[in-house]
Each structure stands twice: as C-alpha cells, then as structure tokens.
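# Survey of secondary and tertiary structure
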Amino acid sequence: MSKIYDVAILGAGPAGLSAGIYAGRSRLDTVIVEKGQDGGQIAITDDIENYPGQGPEGESGPALIARMTAQAAKFGVERVSDVVKEVVVEGPVKKLICGKQTIEAKTLIIATGATAKPIGCKREGEFMGRGVSYCATCDANFFEDFEVYVVGGGDSAIQEALYLTKFARKVTVIHRRDELRAAKSLQERAFANPKIEFMWNTVVEELHGDDILSGMTVKDTKTGELREIKADEEDGMFGLFGFIGYNPKSELVEGKLELENGYIKTDENMHTSVPGVFAAGDIRVKSLRQVITAAADGAIAAVQAEHYIQNQH
C-alpha cells in the first residue's frame, strides 16, 4: 500500500518552504515537491532590503532560501525532485502524478509561483541567453562595461536597473508610458543615478543580430515612429532585460480550481475552491507579491491544512 502524506506541497519557494516549516513543526507527515532549485524567483534576487529581521546591511535571496530549506529539513520535511505532470484535487486523497512516481496526501498546498513575462517583441526567443535576459542577478556580470536596456516601469524593473548599474556602463530604462509605476523611493534613486537614462513612451518591436543581440527596432507609442538602436561598434552587442510582470504557473490546476487572470482564488485562510486544497504565495490572487507575504501565506496554509485533517476524523 502506497504512503499517504498528511501534506503535499508543490513548490519550494518562500511560500512552499514556510508551509513545510510550519507543517513539519506540527508533526504532520509532509513532503515538498520541486522540479528545480529551491527559492523560486527569490533565488535569483541579489539584494533583499525589506525582509523583517534580516541584517540591516542587506540579504541575498540565495542565503535566505538556504536557511529556509535547512529549517524545513530540521522539522523532518521530505523532499522530492520531480516534474509534476498532473494534479488530482477531487476526493479525500489528493494526488501529484509526477514523472517518476505518484505522491498522495490528505491535503495539498500549491505554491508554484509565477514566471517573468516575455517582452513580446519579434525574435525575442532567438536571443534568450544571447543578450536577452529576465534576471539581472543571473546575468549582469556578462555585461560588465557594456550598455544595457531594461524594459518596464514597476518596482522590479527599477530595482534591476539600479542593480545593473554596478556592472554596465550605461542603463537605459524603456517604458511604454511617460511616468514610472515604481515606488517613489526607487524612482528617486533611479533619477539620481548618473548611469541611468530613460526612454519614455517607447516599446521594443523587433530584435536584430546574427548570433548575439546587436540591434533593435523601437516604436514611439504616441507617434508610431520606428527607430533603430545599434550596439556600440567596439562592443558589438548590448543587453536587454525584461521586467514587465509575471505569468502565474497555474496550468496544472486550470479547470480544477477557481482562477482569476490565471491566479488561484483563495480566501484569507488560503482555502481554494476545493476542500483540502490550499494555495500560497505568488500563485494566488493578492495585492502584494513579496517574500514576506509568501512566507505568511505558507504558514497560514499549513495551519489550515492541519485543521482540515483534524476535522476529517
């Protein structure tokens, strides 16, 4: 007879790991399933400044996640590295049908997060990893003393633009409107940084180059005028970083749980539309997607899963 866990957690970002810590500490038989590295988006975030209790000098995403992972292990949480092909939410036993095995549990916490949206220009896919990136922390060092462009106007775009100034000789923010959406404190830092310039009312239409990104066509959103931007001759290339939002990773539960714009709808206690199934972190409908809110979601989901199990007896 196959094992039935108390709690199965899908995803090992801050929400999934926090759920694991709380479930494990409550002596629930818990497993976390993750196909990649722990941490989700935070694993590729260089500098966290606003996580309560961190050192005032700052904190890196990987360091924070490493401690969360160790905490979950301390409380006996099992780990499975596998790709989930299908999620079964109906019935008293929930199932994660993976590539190598099927995991069964009395409750399920979905913490699959979200991924970066593509910029949406022609030939974008051709230049991924050849000039186009969605992660400054991962790829900034490849552009030491080069010019880079950042697409977006929200918090993440401006945070990443500021980070890129540590490496690039010049950073140009391309934004489709004439004002930023980022927090005022971030805007002030960006406007005061001599390495950052702004290209307002502009979108990227098409990318150019042979093996590497060496040019792009941009369009003025007000006049429709197109113009070419070419890499500096000595450089031969430039970097283009996209930070225009995220796509929720909810394909596995489409048609099985209630969604809104692809995000899972929950109540304040992380209950989804199916009893015994909870969602936590960036995957759910919420007003703020940050490490602290993901961690809080995970804690609530685990406690609610425990209540659910108790009430089944």
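Look above for the structure.
It should be emphasised that the depicted structure is a prediction, and the values quoted were computed from it without experimental measurement.

### Observations concerning the overall build of the protein chain
- Within the protein chain, the regular secondary structure consists of 6 helices and 19 strands.
- The C-alpha radius of gyration of the protein chain comes to 22 Å, within 12% of the 20 Å expected for a compact globule of 313 residues.
- Reported as C-alpha extents along the three principal axes, the dimensions of the protein chain are approximately 70 × 40 × 30 Å.
- Among the 313 residues that make up the protein chain, the fraction classed as buried is 50%.
- Here the contacts in the protein chain between residues at least 6 apart in sequence split such that 59% fall between residues at least 24 apart.
- Per element, the accessible surface of the protein chain, about 15,400 Å² overall, is 48% carbon and sulfur.
- For the protein chain, the distance from the average position of its 35 positive side-chain charges to the average position of its 46 negative side-chain charges is 4 Å.

### Here we look at helix α4 (residues 155–164)
- Taking burial as the measure, the 10 residues of α4 include 8 buried ones, the bulk of the element.
- Every buried residue belonging to α4 is among Ser156, Ala157, Ile158, Glu160, Ala161, Leu162, Tyr163 and Leu164, and all of these are buried.

### Some points on empty space enclosed by the protein
- Overall, the coordinates contain 1 cavity of 30 Å³ or more when judged by the stated rule.
- Counted as a void, the largest cavity has a volume near 40 Å³.
- Taken together, Leu10, Val87, Ile110, Thr112, Lys249, Ser250, Leu252, Val253, Ile264 and Ile283 form the lining of the largest cavity.
- Split by residue class, the lining of the largest cavity holds 7 nonpolar, 2 polar and 1 charged.

### Topic: the pairing of strand β12 (residues 202–208)
- Bridge analysis of β12 against strand β13 (residues 215–220) gives 6 bridges, and the strand direction is antiparallel. Across the sheet, the residue bridging to Val203 is Lys219, located in β13.
- Hairpin connection from β12 to β13: 6 residues lie between these consecutive antiparallel strands, with Gly209 at a positive phi of about 145°.

### Looking at the environment of Leu252
- Tracing the sequence through the fold places Leu252 in the loop between β16 (246–248) and β17 (259–260).
- Among the residues examined, Leu252 registers a relative accessible area of 26% and is labelled partly exposed.
- Sequence separation of Leu252 and Glu86 is 166 residues, and the distance between their C-alpha atoms is 6.1 Å.

### Notes on the nonpolar core
- Grouped together as the largest cluster of nonpolar side chains are 31 residues, with contacts concentrated most on Val7, Tyr51, Met68, Ile109 and Phe278.
- Broken down by secondary-structure element, the contributors of at least two residues to this core are β1 (4–10), α1 (14–25), α2 (61–74) and α6 (291–312).
- The element that contributes the greatest number of residues to this core is α6, accounting for 8 residues.
- The contacts of Met68, once residues within four sequence positions are left out, are Pro14, Leu17, Ile21, Tyr51 and Val291.
- Of all hydrophobic cores here, the second largest spans 23 residues; its members include Ala161, Val173, Ile196 and Phe243.

### As for the layout of surface pockets
- Taken as a whole, the second largest pocket holds about 270 Å³ of empty space.
- Here the residues of the lining of the second largest pocket are counted per class, giving 7 nonpolar, 5 polar and 4 charged.

### Observations regarding the sheet that holds strand β10 (residues 170–174)
- An order of β8-β15-β9-β10-β11 is seen for the 5 strands of this open sheet, with the pairing classed as parallel. The open sheet is flanked by β8 (132–133) and β11 (196–199), the only strands paired with a single partner.
- When strand β9 (residues 147–151) meets β10, the two strands line up parallel, connected through 5 bridges. Following the sheet pairing, Val150 is matched in β10 by Val173.
- Where α4 meets the sheet, its contacts fall on β9, β10, β11 and β15 (239–242), and the angle it forms with β9 comes to roughly 170°.

### Overview of the packing of α1 against α2
- Orientation of α1 relative to α2, taken along the N-to-C sense of each, is 30°, at an axis distance of 8 Å. In this view, α1 runs roughly parallel relative to α2, as classed from their interaxial angle. Crossing handedness for the pair α1 and α2: left-handed. In this structure, α1 uses Pro14, Leu17 and Ile21 to contact α2, whose residues at the interface are Ile65, Met68, Thr69, Gln71 and Ala72.
- Within the contact of α1 with α2, the residues separate by chemical class into 6 nonpolar, 2 polar and no charged.

### Remarks on the sheet that holds β12
- Sheet architecture is open: 3 strands sit in the order β12-β13-β14, paired in antiparallel fashion. Each edge of the open sheet carries a strand with a single partner, namely β12 and β14 (226–230). When the angles between neighbouring strand axes are averaged without regard to direction, this sheet yields 30°.
- Here 5 bridges tie β13 to β14, and the two strands are oriented antiparallel to one another. When the sheet's bridge partners are listed, Lys219 is paired in β14 with Leu226.

About the cut-offs
- Residues numbered from 1 in each chain as written.
- Predicted model: local features only at pLDDT ≥ 70, side-chain atom pairs only at ≥ 80, totals over all residues.
- Heavy atoms only, no water.
- Helix = DSSP H or I, 4+ residues; strand = E, 2+ residues; numbered from the N terminus.
- Rg over C-alpha atoms; globule rule 2.2 N^0.38 Å.
- Buried < 20%, exposed > 50% of the residue type's maximum accessible area, 1.4 Å probe, protein only.
- Contact = heavy atoms within 4.5 Å.
- Areas by Shrake-Rupley, 256 points an atom, 1.4 Å probe, with all protein chains shown as cover.
- Lys, Arg positive; Asp, Glu negative; His and termini not counted.
- Charge placed at Lys NZ, Arg CZ, Asp CG, Glu CD.
- 1 Å grid on protein atoms, 1.4 Å probe; cavity = no way out; pocket = protein on both sides within 12 Å on 5 of 7 lines; lining within 4 Å.
- Points joined across faces, edges and corners; volume = space filled by probe spheres on them.
- Nonpolar A, V, L, I, M, F, W, Y, C, P; charged D, E, K, R; others polar.
- Pairing = 2+ DSSP bridges.
- Core = buried A, V, L, I, M, F, W, Y, C linked by side-chain atoms within 4.5 Å.
- Axes fitted to C-alpha atoms, helices over the stretch in contact; angles between N-to-C directions.
- Parallel < 35°, antiparallel > 145°, perpendicular 65-115°, else oblique.
- Left-handed = near helix turned anticlockwise from the far one by under 90°.

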